[in-house]
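Here is what each chain is made of, one letter per residue.
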Amino acid sequence: AQSVTQPDIHITVSEGASLELRCNYSYGATPYLFWYVQSPGQGLQLLLKYFSGDTLVQGIKGFEAEFKRSQSSFNLRKPSVHWSDAAEYFCAVAASGGSYIPTFGRGTSLIVHP
Amino acid sequence: NAGVTQTPKFQVLKTGQSMTLQCAQDMNHEYMSWYRQDPGMGLRLIHYSVGAGITDQGEVPNGYNVSRSTTEDFPLRLLSAAPSQTSVYFCASSPLAGSLDEQFFGPGTRLTVL
């Protein structure tokens, strides 16, 4: 079974600073990887996903993520954070065989200081 | 399109009461699912459905029932509510079961069981 770990519960950055949110996965074969964002009081919205090909994936809202098989990681990055990026971020992994039902990490709460 | 809708937005129950959380989607999506979100736990899958008339259990199904009589609706039933079921519940849908399509989430139902 697949699993995903987000080691940081909270991350605090200043507006305009760069951001990296960590995600590590466990799965025997090539995983399918996702990042979702949850704004306060809202449901989740897909930021980006990786299935195959180029390991650097571009998403919405200026986010990108890089798949590193050797490190079993799929970290989310943004070069300059805006106050509106304050939200909860979830990494998810789905198995490459079967129903593709994703398993979500516990989430990382991003706090942005002005 | 309204997307994925959930009702009610908030609900307070007493222990032992029953209720149904409603979920509907107007996108003709095949796959629907229910998650619960608890602090520090991320999203955990309760039940899912790959099409009308077909449901299956997720990671935490105990205390919950579901049915899928139509493509559009996927209600979640709590037969005898317990304080441990205090949580935020999200319904999600995606176009095809067994695929890696993006999941679309509803706005959530915040349930408190006293």
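Preceding this paragraph is the structure being described.
Residues numbered from 1 in each chain as written. Chains lettered and ligands numbered in written order. Predicted model: local features only at pLDDT ≥ 70, side-chain atom pairs only at ≥ 80, totals over all residues. Heavy atoms only, no water.

Asks: Explain the pattern of salt bridges to me, please; I cannot follow it from the model alone.
Replies: If charged atoms from side chains of opposite charge come close, those side chains can pair. Residues and elements named next belong to chain B. The tally for this structure, following the rule as stated, stands at six salt bridges over all chains. Between Arg-36 and Asp-38 there is a salt bridge, with the nearest N and O atoms lying 2.9 Å from each other. On the basis of relative accessible area, Asp-38 is assigned to the buried category, the value being 10%. For Asp-38, the salt bridge goes to Arg-44, with nearest N and O atoms at 2.8 Å. No difference in accessibility class separates Asp-38 from Arg-44, as the two residues are buried. (Salt bridge = Lys/Arg side-chain N within 4 Å of Asp/Glu carboxyl O. Buried < 20%, exposed > 50% of the residue type's maximum accessible area, 1.4 Å probe, protein only.)

Asks: What exactly am I supposed to notice about the side chain of B:Ser33 here?
Replies: Residue and element names in this part refer to chain B. Secondary-structure assignment places Ser-33 in strand S4 (residues 31-38). Within the structure, Ser-33 has its side chain in polar contact with the side chain of Gln-103 (distance 3.4 Å). Beyond its immediate sequence surroundings of up to four residues, Ser-33 is in contact with Leu-45, His-47, Tyr-48, Phe-74, Phe-90, Cys-91, Ala-92 and Gln-103. (Helix = DSSP H or I, 4+ residues; strand = E, 2+ residues; numbered from the N terminus. Polar contact = N/O pair within 3.5 Å; in protein donor to acceptor, adjacent residues only side chain to side chain. Contact = heavy atoms within 4.5 Å.)

Asks: Honestly, unusual backbone geometry in this entry has me stumped. Any pointers?
Replies: Glycine aside, residues mostly have negative phi angles, and peptide bonds mostly take the trans form. In the segment running from B:Thr7 into B:Pro8, the intervening peptide bond is cis, with an omega of -5 degrees. Turning to its location among the elements, B:Pro8 is positioned in the loop between strand S1 (4-7) and strand S2 (10-13). Here the phi dihedral of A:Lys61 falls at roughly 60 degrees; this positive angle occurs in a residue that is not glycine. In this structure, A:Lys61 sits in the loop between strand S7 (56-58) and strand S8 (64-68). For A:Lys61, a relative accessible area of 45% gives the class partly exposed. Phi at B:Asn28 is positive, roughly 60 degrees, even though this residue is not glycine. For B:Asn28, the position within the fold is in the loop between strand S3 (19-25) and S4.

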